[in-house]
Amino acid sequence: RQQSQASNHYIHRCVRPGRASRRSRGVGRACSIEVSPRVACNPLLPPKMWLQAISLSLLAVSSHALTTTAAQRPVQALQRFLDDVTTTSAARVATEDGQLHLQLTKNIRRGDCVLEVPLDACVTIDRARAMPWLQTAEDNAGEPWDPWCGDASLLAACLLRDDLPREWIESLPQDLWLPLLDTNEPPSCSARDLGALRENAVDDMQWLVDNTGENWDDFLLALAWVISRSVEVPDVGLCLAPGLDLVDHDDLLDPFEEDLLCELGPRGPGGIQLPGRKTVRFLAPEDRTKGEKLVASYGALPAAAYLERYGFLPRTGAARRFAATAELRFELREEDRFIDDKLNLLYLNGAIDGEEVDDGFVEACLGGEPDPEVLRFLRLSLLEGPDAFLLEPIFANEVWNHLGAPISRDNEAAVIKAVADEAEAARQGMLVATIGIYEQLRSAELDALEATQRWADAEVLTLPAKEYYQERRLKSLGLDTEWDEDEGNQWTGSRGAAW
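The rules behind each value
Along each chain, numbering runs from 1 in the same order as the chain's sequence is written. Totals for whole chains, interfaces and linings use every residue, but because this is a predicted model, local features are given only for residues with pLDDT of at least 70 and side-chain atom pairs only at 80 or more, for both listing and counting. In computing side-chain properties, one takes all heavy atoms of the structure into account and sets aside hydrogens as well as water. Pairs of strands are assigned from DSSP output, requiring at least two bridges between the strands. Elements are defined by DSSP. Helices are runs of H or I of four residues or more, strands are runs of E of two residues or more, and each kind is numbered from the N terminus. What makes two residues a contact is simply this: any of their non-hydrogen atoms within 4.5 Å. Fitted lines through C-alpha atoms give the axes, limited to the stretch in contact for helices. The angle between two N-to-C directions lies from 0 to 180 degrees. Surface patches are defined over residues having more than 30% relative accessible area and no salt bridge, joining like charges when they lie within 9 Å and nonpolar side chains (Val, Leu, Ile, Met, Phe, Trp, Tyr) when within 5 Å. Each accessible area is a Shrake-Rupley result for a 1.4 Å probe, and residues are judged covered by the shown protein chains and nothing else. What makes a salt bridge here is a side-chain nitrogen of Lys or Arg within 4 Å of a carboxyl oxygen of Asp or Glu, nothing more. This count recognises Lys and Arg as positive and Asp and Glu as negative, with His and chain-terminal groups excluded. Lys charges are placed at NZ, Arg charges at CZ, Asp charges at CG and Glu charges at CD. For our purposes a nonpolar core is just a set of buried Ala, Val, Leu, Ile, Met, Phe, Trp, Tyr and Cys residues, chained together by side-chain atoms within 4.5 Å. In this scheme, a residue with accessible area under 20% of its type's maximum is buried, one over 50% is exposed, and one in between is partly exposed, where area comes from a 1.4 Å probe on protein chains only.

- In the annotation of an unreviewed UniProt entry, the entry for the protein reads Rubisco LSMT substrate-binding domain-containing protein, and the organism field reads Pelagomonas calceolata.

Observations concerning the sheet that holds strand E5 (residues 123-124)
Stage number 1. Read from one edge of the open sheet, three strands run E5-E7-E6, paired in antiparallel fashion. Strand pairing shows two members of the sheet lacking a second neighbour, E5 and strand E6 (231-233), which therefore form its edges.
Stage number 2. Two strands pair when backbone bridges link them, and E5 and strand E7 (residues 237-240) are joined in this way by two bridges, in the antiparallel orientation. From the neighbouring strand, Thr 124 faces E7, where its bridge partner is Cys 239.
Stage number 3. Against the sheet, helix H4 (residues 151-161) contacts E5 and E7, and its axis sits at roughly 30° relative to E7.

Observations regarding a negative patch on the surface
Stage number 1. Negative charge collects at one region of the surface, where Glu 185, Asp 193, Glu 199 and Asp 203 lie side by side.
Stage number 2. Relative to the helices and strands, Asp 203 resides in helix H6 (residues 196-212).

Some details on the nonpolar core
Stage number 1. With 72 residues, the main nonpolar core has Leu 180, Leu 223, Leu 244 and Phe 282 as its most contacted residues.
Stage number 2. When residues of this core are assigned to their parent elements, the largest contribution, nine residues, is made by helix H7 (residues 219-229).
Stage number 3. Beyond its immediate sequence surroundings of up to four residues, Leu 180 is in contact with Leu 197, Arg 198, Ala 201, Leu 220, Leu 223, Ala 224 and Ile 227.

Quick look at the environment of Met 430
Stage number 1. Tracing the chain through its elements places Met 430 in the loop between helix H13 (409-428) and helix H14 (436-462).
Stage number 2. According to the relative accessible area criterion, Met 430 is buried, its value standing at 1%.
Stage number 3. For the pair formed by Met 430 and Ser 190, sequence separation is 240 residues and the distance between their alpha carbons is 6.5 Å.
Stage number 4. Those residues in contact with Met 430, other than ones at most four positions away along the chain, are Ser 188, Cys 189, Ser 190, Ala 191, Arg 442, Glu 445, Leu 446 and Leu 449.

Set out below in structure tokens:
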């Protein structure tokens, strides 16, 4: 996405500071002071001062009531807007500690549609691309706008220039904090370059200034809204949907189900897609009762991505366990004489798409043993010498499966060394302590890198015991046992199974 990222797509939501505060029960009620003639002692204050104290007290209560009412107005206006725009809603806008969220108005079960919003009421890539002013700007530039921050910058520009409901825009937090909005350069506390997103965003903003001749001072804030509050909708892409941007994060929910929460509607019985006005639907990730906050998981992301996109770090549960990783990048070597064959294999097996066929790399989240797909990529990227025969066309249909297991001892040793070297290089760039949330991130990633190094050390010791491609191939052909003259033509064991 990281929503960053750095992918071009940012995946939604954040714990967001709201602008309205909860109206406390009892605040603003009339104050009663009883003066009883039966009290025999002298009053603590003279009569005039008592009257002044009562007047000041009533004035304070009245002022507080007016302030609370004013703070409540954005919530009420936003709720009226959502009532008008949503086609299905089982939640209402509420506040807690000054933060806006959605509160369920009825019991829901896992998979129920909690919110449904017409697609044409959302900020989408197609809507952003269709803006007349953008087409004019692209004409001025002589080329289509290809922003460094991808679709997120398109949505941010649309958010600032399109004619969107005022009630919705005014509810977006003005005091949101993300590293993107930090005027100071983020410290070297992560394997991810936290300053890259801001640098790319500034370049996108400059393109808008140069080709529209307008002021775009709010662009970074709008981009932060998109990064932290948008959702990824199948067949639509990145989308900022009214109401869905108020769904908060819960560390305890399964982070790997994040992609299942949004779907394109309308839907009929059995989830069948129906014709008609398209909608965006948010599905409940678990059973919840009336009055509870509507929450979801923001996804299986490393800690640096959570900080970059949402401004916080997971504290517990599955989200924290997965987030306790460091992002490392592995690439095909440009001088590799087999690079075209390897890129073709990656493309044919869906590891890269057609637009990225020249970019042979993988970004991995490591906190111990690497993901099997990362090991598969590394075995391919380091395939050379005698092992390169697997790149011959005759193996094209099966080599990807072979790469899922060790190829040779030399190849596997090179894979382990590549992981260890990259982890050490990342660790060396994060040795200087920092403060606050950046130090929390640095500490978490150092732990992840140390766990990765321990995995590498253990794997080196197991190299002699691993089964490599040659052994597996001989076994599949039944040629893994010595010939015994007494067997005659009666082969047994794996040899018999092969024949």
